[in-house]
Amino acid sequence: MSEDDPYESENDPYDLDSGPDPATFAAAEPEPPIEEADNPVYGVGIGPGSLEYLTPRGLRAIQEADVVVGFQTVVEFVADETDADLLTCGYADEAEALNEFAERVAAGERGTAVLMGDPNHSGYQFLGKVQQVVERPVKAIPGISSLQIAASRARTPMEDTRFVTLHKSGSLDADLDRLAEVVGERHLLVLPRPFDLMPGDIAEFLLDSGADESLEALVLERLTHDDEHITRTTLGELSESAGGSGPESTPYSDLSVLAVRAPIAEEERA
């Protein structure tokens, strides 16, 4: 993983525990009504990577912006779609990029922040950081997330599924416990955390929590990209790839979703 990747790496550390969780700040209160927002900043979910999944509303916010900010690997997906100035960053220079973005927005420029997928799925930490530095309303424009694509590929209806994102900093104990509570009873959709909680590690945890090793598991990688790949296996077989903390320690991409299917009774299939 390069240090400009939108996620943590050994060369580009980020310690959420050093301050308040910006995701909590972002979710502290509802957005202001649209009609009351004066020249808002937009937080756009650009989808899972293929521009075919970028919504027209999100594209318009990017095209109409004077300045766009985001992690370099995210901005690169939309760089050819706008004439805006692009402020890219990794975790190491994130604060610098956001401060410059805030200064330009304060001077009257139209600003848009871009996030992978949908801001409502693992994007609240960056959304909260944007909201903390700008003195304007921040309006989220939802996108199509890899989670939604995975639910379609794995045929796990959202109303019958427990979704947990581990793709964040800080303690994940409560999130993992939420998975263990219902494994085998409800479908699971999980966004792993590169690279210390990858699909194999999650499978190992679920087995240690009492899950049946024969449960069907799918690892869905790089969804909507040209090299999309889906591994169909069992929880027991998947756990064999557990362990390690770097990209060389797992056979799976950092752009992965884990689906664990709950058994469906034969009478329900009829």
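To be clear, the structure that these remarks concern was listed above.
Cut-offs applied
Residues numbered from 1 in each chain as written. Predicted model: local features only at pLDDT ≥ 70, side-chain atom pairs only at ≥ 80, totals over all residues. Heavy atoms only, no water. Helix = DSSP H or I, 4+ residues; strand = E, 2+ residues; numbered from the N terminus. Pairing = 2+ DSSP bridges. Axes fitted to C-alpha atoms, helices over the stretch in contact; angles between N-to-C directions. Contact = heavy atoms within 4.5 Å.

J.: For unusual backbone geometry, give the residues involved together with the corresponding values.
T.: In this chain, Pro194 is followed by Phe195 through a cis amide linkage whose omega measures -10°. Inspection of the secondary structure assignment puts Phe195 in the loop between strand E7 (187-191) and helix H8 (199-208). For Arg155, which is not a glycine, the phi torsion comes out positive at approximately 55°. In the Ramachandran plot, Arg222 falls in the positive-phi region, its phi being about 50° despite a non-glycine side chain. Inspection of the secondary structure assignment puts Arg222 in the loop between strand E8 (216-221) and strand E9 (229-234).

J.: I'd like a description of the sheet that holds E7, backed by residues and values.
T.: The mixed open sheet is built from five strands, whose spatial order is E6-E7-E10-E8-E9. The sheet is open, and its two borders are formed by strand E6 (161-165) and E9, each paired with just one other strand. The sheet shows a mean angle of 15° between the axes of neighbouring strands, direction not considered. Along the sheet, helix H7 (residues 173-182) contacts E6 and E7; its crossing angle with E6, the most-contacted strand, is approximately 160°. Docked against the sheet, H8 engages E7, E8 and strand E10 (256-260), running at close to 25° with respect to E10.

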